[in-house]
Amino acid sequence: EKGGYEHFMLKEIHEQPRSIRDCFRGRLNVEKGWVGLGGIKDYEKQLANAKRIIMVACGTSWHAGLVGEYLFEELTRIPVEVEYASEFRYRNPIISEEDIVIAISQSGETADTLAALNLAKDKGATILGICNVVGSSISRVTDAGSYTHAGPEIGVASTKAFTAQVTVLTLMALTIARNKGTLKESDFRRIITELDLIPEKVSRILDKNEKLEEISKVYKDASNALYLGRGISFPVALEGALKLKEISYIHAEGYPAAEMKHGPIALIDEEMPVFVIATKGTSYEKVVSNIQEVKARKGKIIAVITEGDEQVKGMADHYIEIPETDDHLVPLLATIPLQLISYHVAVMRGANVDQPRNLAKSVTVE
Ligand code: F6R
């Protein structure tokens, strides 16, 4: 049942080239220059005309929502708010018939997310879902939605569901952008061509498993860890930190790299591993200076970099190279090595990776 892998989590991490491809099967045609999501076809016009979109979710799915916020705002210019479902529902949120609320949930059973949706529905909003489990409560209560098609996720720590959620959000943003005319044809073509190459690039990162295991060995006894990223990679930092804390029980925090100087920098000493997503692209130079700030305080840098980036290689204590891709798609690649490091660290510490203490696969309590 674990397909020869020691744990479901490892199996599910390795399934990602396939689960991402399954997610865009029939929804993406590079030759024809086309994307579409059958499940939300009837809502395409409404999405394109939306004045704002609200995403509600919990945990890892909330991180996917934050990636979605960057994608939607950048590609469609529609303002997006991403809310913790639990905070949204207890706040008498300002919401009307004009709003579109998108729930993101692997299980489709998370009590807070379901309640947030019902609240939005009562106020007349259009409610859409991005779920993995077919026929789940959330998928039944929504007006429409798109499944992630990642296949069953057994490990409590969400891995392949996250990358599939991000893939659906990318397809949604591209579809809306197409309908709104907010994306140049050449940019659209470039992004879908790159999206189609993601599964193969994920495989190339998975091939670095041995190196990732080596890095994990060095930091397995850490008591704290920081994860830094900027822009669309900030949610990747949050997700990296969550993955480490929930299965290895090491205290970890994700931060937007520039926020470090407003507090967390006080924590940095030679004992502190700092994972930095430092891929080439918009905020590259800024991230390089954040790395220098950490080095100046003797922190240890583990950098996720674009293949062939000699500059950060020279500064980092350890680096993981990931293939070059379009800026919008970096989360789909940068997440992978962080998942594997969390996995290895947890195994080395003797933790039960598939069933971490105090956690349940679907949180049906409020
Ligand atoms: C983290 C994790 C949780 C879930 C959260 C939402 O690895 O598994 O944080 O992401 O409980 O669950 P779903 O997506 O089923 O609503």
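What counts and how
- Residues numbered from 1 in each chain as written.
- Predicted model: local features only at pLDDT ≥ 70, side-chain atom pairs only at ≥ 80, totals over all residues.
- Heavy atoms only, no water.
- Salt bridge = Lys/Arg side-chain N within 4 Å of Asp/Glu carboxyl O.
- Buried < 20%, exposed > 50% of the residue type's maximum accessible area, 1.4 Å probe, protein only.
- Helix = DSSP H or I, 4+ residues; strand = E, 2+ residues; numbered from the N terminus.
- Contact = heavy atoms within 4.5 Å.
- Expected span 1.5 Å × (residues − 1).
- Pairing = 2+ DSSP bridges.
- Axes fitted to C-alpha atoms, helices over the stretch in contact; angles between N-to-C directions.
- pLDDT = per-residue confidence, 0-100.
- Core = buried A, V, L, I, M, F, W, Y, C linked by side-chain atoms within 4.5 Å.

Asks: When you look at the pattern of salt bridges in this model, what are you seeing that I'm missing?
Replies: Pairing between side chains of opposite charge can happen when their charged atoms approach one another. Counted under the stated rule, the structure contains 26 salt bridges. With a shortest N-O distance of 2.6 Å, aspartate 22 and arginine 25 are connected by a salt bridge. Under the relative-accessibility criterion, arginine 25 is labelled exposed at 54%. A salt bridge links lysine 295 to aspartate 317; its shortest N-O distance comes to 2.7 Å. In this pair, lysine 295 is assigned in helix 12 (residues 284–296) and aspartate 317 in the loop between helix 13 (310–315) and strand 12 (318–322), connecting sequence segments 22 residues apart.

Asks: Just checking my understanding: could you explain the environment of methionine 260 for this structure?
Replies: Tracing the backbone shows methionine 260 in the loop between strand 9 (251–256) and strand 10 (273–277). Put simply, methionine 260 and methionine 9 are 251 residues apart on the chain and 31 Å apart in space, counted from C-alpha to C-alpha. Look past the residues within four positions of methionine 260 in its chain and what remains in contact with it is Leu228, Ile265, Ile268, Asn290, Glu293 and Val294.

Asks: Would you take a moment to explain helix 14 (residues 330–348) for this structure?
Replies: For an α-helix, 3.6 residues make a turn, and residues three or four places apart therefore share a direction. Given a rise of 1.5 Å per residue, 19 residues ought to cover 27 Å, and the 28 Å separating the end C-alpha atoms of helix 14 matches this to within 8%. Positioned one or two residues after helix 14, glycine 350 has a phi angle of 75°, which is positive.

Asks: Where do I start with the sheet that holds strand 11 (residues 300–306) in this structure?
Replies: Adjacent strands of a sheet pair through backbone hydrogen bonds, lying either parallel or antiparallel. Reading across from one edge, 9-8-10-11-12 is the order of the 5 strands in this open sheet, with parallel pairing throughout. Each edge of the open sheet carries a strand with a single partner, namely strand 9 and strand 12. When strand polarity is set aside, the average angle formed by the axes of neighbouring strands in this sheet is 15°. Sheet topology note: the strand 8 (residues 224–229)/strand 10 ladder contains 3 bridges and is parallel. The partner of tyrosine 227 across the bridge, within strand 10, is phenylalanine 275. Strands strand 10, strand 11 and strand 12 of the sheet are contacted by helix 10 (residues 209–219), whose axis makes an angle of about 150° with strand 12.

Asks: I'm lost on the confidence of the model for the protein chain in this one. Help?
Replies: The predicted structure's coordinates, where accompanied by low pLDDT, should not be read in detail. Taken over all residues, the pLDDT of the protein chain has a mean of 96, while the share at 70 or more is 100%. Overall fold confidence for the complex sits at a pTM of 0.98, while the interface term, ipTM, reaches 0.98.

Asks: Help me out: how do you make sense of the sheet that holds strand 7 (residues 144–147) in this one?
Replies: Judged by pairing direction, the sheet is parallel, and its 5 strands sit side by side in the order 4-3-5-6-7 without closing on themselves. Each end of this open sheet is capped by a strand with a single partner; those strands are strand 4 (80–84) and strand 7. Each strand axis lies, on average, 20° off the axis of its neighbour in the sheet, ignoring direction. With 4 bridges joining them, strand 6 (residues 126–131) and strand 7 adopt parallel strand pairing. Within strand 7, the position partnered with leucine 128 by the bridge is alanine 144. Sheet strands touched by helix 4 (residues 59–76): strand 3 (53–57), strand 4 and strand 5 (100–105). Its angle to strand 4, the strand with the most contacts, is close to 175°.

Asks: Before we go on, may I ask you to explain the nonpolar core in this structure?
Replies: Taken as a class, soluble globular proteins show a tendency for nonpolar side chains to be buried jointly. The biggest cluster of nonpolar side chains holds 91 residues, and the ones touching the most others in it are Ile53, Phe72, Ile102, Leu174, Leu195 and Tyr227. Contacts of leucine 174, omitting those with residues within four sequence positions, involve Val35, Leu75, Leu183, Phe188, Ile191, Ile192 and Leu195.

Asks: Looking at this model, I keep getting lost on helix 12. Mind explaining?
Replies: With 13 residues, helix 12 ought to run about 18 Å at 1.5 Å a step, and its terminal C-alpha atoms sit 19 Å apart, in line with that. Of the surrounding elements, those touching the buried residues of helix 12 are strand 8, strand 10, strand 11 and helix 13. The first or second residue beyond helix 12 is lysine 298, which carries a positive phi of 70°.

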